[in-house]
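Structural characterization, general
Listed below, chain by chain, are the residues.
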Amino acid sequence: MPATFEPSPDRQCPMCAGEGYQLKIEQLNASAMVCQCVPSCARCGDTGMVEHVTETGVRYGRCRCQMLPDRIRLFNAAQLPSRHSSNSFRNFDHHSNSASQALVLCTKWLHAFTTGKEHRGLVLTGQVGRGKTHLMIAIARSLIFEHGRSVRFIEFSRLLSQLREGYGKGISDSPTLNHLCSVPLLIIDELGKGRLTDWELSIIDEVVSRRYNANLPILGTTNYKWGPPTGAAAPNIAAREFEEQTLGDRVGGRVFSRLQESALYFECKGPDYRAMKPQNLSHI
């Protein structure tokens with residue numbers, strides 16, 4: 001169920017479609033702002049504070065109108081990629097039975113998690129173009145705007161690039177890793193991607209192990225099959241890589257064992273979404 005914000009946004013607003021916020025996607029990461037359709041708050045006069053008269057006197061508290069700005073701040077802190085920031089369950093193209101099943105199961109996991117019936121994370125597996133990132137962003141947006149949860153999204157290769165850039169500037173990786181290990185909900189896109197150097201494996205091991213020890217869930221996506229290490233070497237042919245290697249082969253037995261205990265998984269099947277889009281000018 002969508003959150004009820006006060007004052008209520010204009011449900012007919014063409015800019016925000018009644019959600020009360022607009023997305024800005026000019027940068028690498030998306031950000032949001034309160035839509036102009038949201039009226040001024042009559043309760044607090046847009047000060048954000050209201051008086052409460054009690055037996056012991058007058059005290060001040062935050063007005064309910066701050067719920068939307070608070071959740072916008074959570075969204076901006078999540079660092080969702082601009083390209084995918086508008087992804088939602090509503091605009092997920094579930095044109096096949098497998099895609100419909102993925103949508104249903106993700107919404108069921110979300111309900112179980114937010115109601116406290118499930119405490120494990122979720123990893124979506126499957127070949128490229130199966131809608132894994134779309135569904136994960138939809139989960140993130142729902143967690144933020146509907147449930148007020150703090151979420152952080154990272155694409156694993158991007159994280160490695162940021163850490164390398166920091167090393168070049170003499171900046172320690174500790175602040176970044178400490179944040180990723182302590183944020184209430186972490187989403188890792190492209191688990192298992194990389195060259196599998198000792199350093200890369202040490203980064204994913206530290207993040208997963210520290211979150212595992214702190215009972216903090218991990219959500220993620222991967223193109224590799226869910227399974228422990230098989231001992232198979234990486235194939236020379238890139239097209240066969242995802243078919244022959246497991247996630248355990250890519251992240252190591254220690255990390256996969258922790259993921260296996262702390263996260264559920266679901267394999268997204270069906271056709272490649274990207275291949276189904278018109279690719280020449282004749283459709284215009």
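Anyway, here's the lowdown on the structure attached to this text. (Residues numbered from 1 in each chain as written. Predicted model: local features only at pLDDT ≥ 70, side-chain atom pairs only at ≥ 80, totals over all residues. Heavy atoms only, no water.)

**Digging into the packing of helix H5 (residues 174-182) against helix H6 (residues 198-213)**
Applicable threshold: Comment: axis = line fitted to C-alpha atoms, over the contacting stretch for helices; angle = value between 0 and 180 degrees taken between N-to-C directions. Where helices and strands are cited, they refer to DSSP runs of H or I of at least four residues and of E of at least two residues respectively, numbered from the N terminus. When an angle is under 35 degrees it counts as roughly parallel; over 145 it counts as roughly antiparallel; between 65 and 115 it counts as roughly perpendicular; any other value is oblique. Take the far helix as the reference: if the near one is turned anticlockwise from it by less than a right angle, the crossing is left-handed, and if turned clockwise, right-handed. A contact between two residues is defined here by any heavy atoms of the two lying within 4.5 Å. Side-chain classes follow a simple rule in which Ala, Val, Leu, Ile, Met, Phe, Trp, Tyr, Cys and Pro form the nonpolar group, Asp, Glu, Lys and Arg form the charged group, and the remainder, Gly included, forms the polar group.
Put simply, H5 and H6 touch, their axes get as near as 8 Å, and they point 40 degrees apart. In terms of axis orientation, H5 runs oblique to H6. Along this stretch, H5 crosses H6, giving a crossing that reads as right-handed. Seen from H5, the contacting residues are Leu177, Asn178, Leu180, Cys181 and Ser182; seen from H6, they are Ile203, Glu206, Val207, Arg210 and Arg211. Taken together, the residues of the contact of H5 with H6 break down into 5 nonpolar, 2 polar and 3 charged.

**Comments concerning the sheet that holds strand E9 (residues 263-267)**
Filter applied, for reference: At least two DSSP bridges between two strands are required for those strands to pair.
The strand order across the open sheet formed by 5 strands is E6-E7-E8-E5-E9, and the pairing between neighbours is parallel. The two strands at the open ends of the sheet, each matched to only one other strand, are strand E6 (151-155) and E9. The sheet shows a mean angle of 15 degrees between the axes of neighbouring strands, taken without regard to direction. Taken together, the 5 bridges between strand E5 (residues 121-125) and E9 define a ladder with parallel strand orientation. Bridge assignment links Val123 to a residue of E9, and that residue is Tyr265.

**Let's talk about the packing of helix H1 (residues 67-78) against helix H3 (residues 132-146)**
Two elements in contact, H1 and H3, have axes whose closest approach is 8 Å; the angle formed by their N-to-C orientations is 150 degrees. Comparing the axis directions of H1 and H3 gives the class roughly antiparallel. On H3, the residues touching Arg71, Ile72, Leu74, Phe75 and Ala78 of H1 are Arg141, Ile144, Phe145 and Glu146. Here the contact of H1 with H3 is composed, by residue class, of 6 nonpolar, no polar and 3 charged.

**So, the packing of aromatic side chains**
To keep it simple, the criterion reads: Centres within 6.5 Å make a pair out of two Phe, Tyr or Trp rings, where for Trp the six-membered ring is used; the pair is then stacked when the planes are under 30 degrees apart, edge-to-face when over 60, and tilted otherwise.
Tallied over the full model, the rule gives 6 aromatic pairs. Among the aromatic side chains, those forming a connected cluster through ring pairs are Tyr21, Phe75 and Phe145.

**So, a nonpolar patch on the surface**
Applicable threshold: Each patch is built from residues lacking any salt bridge and having more than 30% relative accessible area; the joining distance is 9 Å for like charges and 5 Å for nonpolar side chains (Val, Leu, Ile, Met, Phe, Trp, Tyr). The protein chains shown are the only cover counted for residues, whose accessible areas, like all others here, come from Shrake-Rupley with a 1.4 Å probe. Note on definitions: salt bridges are taken to be side-chain nitrogens of Lys or Arg within 4 Å of carboxyl oxygens of Asp or Glu.
On the surface, a cluster of nonpolar side chains totalling about 320 Å² of accessible area is made up of Met49, Val58 and Tyr60. On the secondary structure map, Val58 appears in strand E4 (residues 57-62).

**As for the side chain of Ser85**
Our working rule: Accessibility here uses a 1.4 Å probe with only protein chains present; expressed as a share of the type maximum, an area under 20% marks a residue as buried, one over 50% as exposed, and anything in between as partly exposed. Pairs of N or O atoms within 3.5 Å make up the polar contacts considered here, provided that, within protein, one atom can donate a hydrogen while the other can accept it, and that residues adjacent in sequence are counted only when both atoms are side-chain atoms.
Within the fold, Ser85 resides in the loop between H1 and helix H2 (97-114). Judged by relative accessible area, Ser85 falls into the buried class, the value being 1%. Of note is the side chain of Ser85, whose polar atom sits 3.1 Å from the backbone oxygen of Ser82. Ignoring any residue separated from it by four or fewer positions in sequence, one finds Ser85 in contact with Leu23, Ile25, Ala30, Phe75, Ile137 and Arg141.

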